[in-house]
Amino acid sequence: MELRHLRYFLAVAEEGHFGRAAERLNIVQPALSMQIKALESELGGALFNRTSRRVELTEAGRLMWTEAKRTLAQAEHTRQAVERALRGETGRVQVGFAGNAIFSGKMTADLRQFHHAYPDVELVIKEMAPQEQVEAILAGQLDVGYAPDNSRTAAPGITAQLIGHWAFLVALADDHPLAAHNSISPEQLAGEALILYEAHDIHERLFLLLQERLGSQLHIAQRSSSTLSVLAIAAAGLGAALIPAPLQQVHIPGLSYRPLDDIELSANLMLISREHESSAAVKAFIRGATE
């Protein structure tokens, strides 16, 4: 018994006539009659009472009608569900992000856009350190990650695409002498107590660049990998913090932000994913985030 046999059976049952059923199915009547007889032979009994004018369902035929409708409906549901999954319209996407990646607005915009286009796909959001995202993606615990470029993004089996880059700022208390300037150069930071944000590899490169520019006049007062800690220390007047520009979205009373000029270095944001991704939903998310 095949699905086409059930469709043939239902057509005859609904039309009550082999000729009209054959026209509806776009096959010749003898072929239809032969298929129904083969079905009855396989089941071991008649499904129709045939007269010269009409065919009617037997008791077994009425049971067959109910089961055939149910089976074909389930088959259609299965077809549609699989087609939707192949188009990426259903499924699950696990998204990881480093704590400060959210401040750029890029990730939240991507999530909104994807949810609008694929409302039936489940989105799972997890905060995770950049260095841990690669391992989580390879282990299947994440599908994509938002993180600055770091030493682990070059791992085999991982694709890392640049999706944003921003300048560095100086965060300092409103009454700090440098707050009177519209922008601040590295040379103006000579001898100043600096708070170094140590969340990602790029901040170590910033330190080395400042060390080259300022030499012995570089004074690192504190280091922290916590966004709020760095900003709180700066707002308290304990030093000037060097931060990526998206962090200026955080409003802290008494804290000002100024551009850091003449620095050929930018903080970046990467979209990390598996090199050979099989999920259509994940592929759709990556396509939307990178286009």
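Here goes a summary of the coordinates provided. (Residues numbered from 1 in each chain as written. Predicted model: local features only at pLDDT ≥ 70, side-chain atom pairs only at ≥ 80, totals over all residues. Heavy atoms only, no water.)

Describing the packing of aromatic side chains
So, point 1. Evaluated as defined, the whole model comprises four aromatic pairs.
So, point 2. With a centroid separation of 6.3 Å and 65° between ring planes, the pair formed by F18 and F48 is classed as edge-to-face. Highlighted residues: F18 in helix 2 (residues 18-25) and F48 in strand 1 (residues 48-50), separated in sequence by 30 residues. Just as F18 is buried, F48 falls in that class too.
So, point 3. Aromatic ring contacts, followed pair by pair, group F9, F18 and F48 into a single cluster.
So, point 4. Across from the ring centre of F207, 4.7 Å away, lies the NZ or CZ of R223, which sits over that ring. (Phe/Tyr/Trp six-rings, centres within 6.5 Å; stacked < 30°, edge-to-face > 60°. Helix = DSSP H or I, 4+ residues; strand = E, 2+ residues; numbered from the N terminus. Buried < 20%, exposed > 50% of the residue type's maximum accessible area, 1.4 Å probe, protein only. Lys NZ or Arg CZ within 6 Å of the ring centre and 35° of its normal.)

Some details on the sheet that holds strand 12 (residues 267-274)
Sheets are built from strands paired through backbone hydrogen bonds, the pairs being either parallel or antiparallel.
So, point 1. Ordered in space as 4-3-5-12-6, the five strands form an open sheet in which the pairing is mixed. Taken across any chain shown, the strands that pair with only one partner, and hence form the sheet edges, are strand 4 (121-127) and strand 6 (158-166). Neighbour-to-neighbour, the strand axes of the sheet open up by a mean angle of 20°, direction not taken into account.
So, point 2. In the sheet, strand 6 pairs with strand 12 via eight bridges, with the strands oriented antiparallel. In the sheet register, W166 faces strand 12, and the bridge partner there is A267. (Pairing = 2+ DSSP bridges. Axes fitted to C-alpha atoms, helices over the stretch in contact; angles between N-to-C directions.)

Some points on the side chain of E40
So, point 1. Here E40 is to be found in helix 3 (residues 29-43).
So, point 2. There is a polar contact of 2.7 Å between the side chain of E40 and the backbone nitrogen of L47.
So, point 3. Apart from residues no more than four positions distant in its own chain, E40 is found in contact with G45, A46, L47, F48 and R50. (Polar contact = N/O pair within 3.5 Å; in protein donor to acceptor, adjacent residues only side chain to side chain. Contact = heavy atoms within 4.5 Å.)

Things to note about the nonpolar core
So, point 1. The biggest cluster of nonpolar side chains holds 21 residues, and the ones touching the most others in it are F168, V170, L172, L189, L206, L242 and L260.
So, point 2. At the level of secondary structure, the elements contributing two or more residues to this core comprise strand 7 (168-173), strand 8 (193-197), helix 7 (201-214) and strand 10 (240-244).
So, point 3. Considering each element in turn, this core owes the most residues, five residues, to helix 7.
So, point 4. In this structure L242 touches L169, V170, L189, L194, I195, L196, Y197, L206, L210 and L260, once residues within four positions along its chain are discounted.
So, point 5. Counting residues in each nonpolar core, the second largest holds 20 residues, with F114, Y146, V282 and A284 among its members. (Core = buried A, V, L, I, M, F, W, Y, C linked by side-chain atoms within 4.5 Å.)

Things to note about the sheet that holds strand 11 (residues 255-259)
So, point 1. Ordered in space as 9-8-10-7-11, the five strands form an open sheet in which the pairing is mixed. Of all the strands in the sheet, just strand 9 (219-224) and strand 11 have a single pairing partner and so form its edges. Taking each pair of neighbouring strands and ignoring which way they run, the sheet shows an average axis angle of 30°.
So, point 2. The pairing of strand 8 with strand 9 spans five bridges and is classified as parallel. Note on strand 9: the bridge partner recorded for L196 is R223.

What to know about helix 9 (residues 280-290)
Owing to its 3.6 residues per turn, the α-helix aligns residues three or four sequence positions apart on the same side.
So, point 1. Buried residues of helix 9: A280, A281, V282, A284, F285, I286 and A289, and no others.
So, point 2. Looking at where helix 9 begins, the residue whose side-chain oxygen comes 3.3 Å from the main-chain nitrogen of A281 is S279.

A closer look at the packing of helix 2 against helix 3
So, point 1. At a minimum axis separation of 9 Å, helix 2 and helix 3 run at an interaxial angle of 105°. With respect to helix 3, the element helix 2 is oriented roughly perpendicular. Across from F18, G19, A21, A22 and L25 in helix 2, the residues of helix 3 making contact are Q29, L32, S33 and I36.
So, point 2. Each residue belonging to the contact of helix 2 with helix 3 can be placed in one class, and the counts come to six nonpolar, three polar and no charged. (Parallel < 35°, antiparallel > 145°, perpendicular 65-115°, else oblique. Nonpolar A, V, L, I, M, F, W, Y, C, P; charged D, E, K, R; others polar.)

Points about the environment of D120
So, point 1. Tracing the backbone shows D120 in the loop between helix 5 (106-117) and strand 4.
So, point 2. It is 5.4 Å that separates the C-alpha atoms of D120 and T90, two residues lying 30 residues apart in sequence.
So, point 3. Not counting chain neighbours up to four residues away, the residues in contact with D120 comprise R84, E89, T90 and G91.

Points about the environment of G254
So, point 1. When you line up the elements, G254 lands in the loop between strand 10 and strand 11.
So, point 2. By relative accessible area, G254 is classed as partly exposed at 32%.
So, point 3. Separated by 20 residues in sequence, G254 and A234 have C-alpha atoms that sit 9.3 Å apart.

Considerations on the pairing of strand 8
A regular strand places its side chains on the two faces of the sheet in alternate fashion.
So, point 1. Among the five residues of strand 8, four are classified as buried, and the element is accordingly described as predominantly covered.
So, point 2. In this sheet, strand 10 lies alongside strand 8 in parallel orientation, the contact comprising three bridges. Across the sheet, L194 pairs through a bridge with A240, a residue of strand 10.

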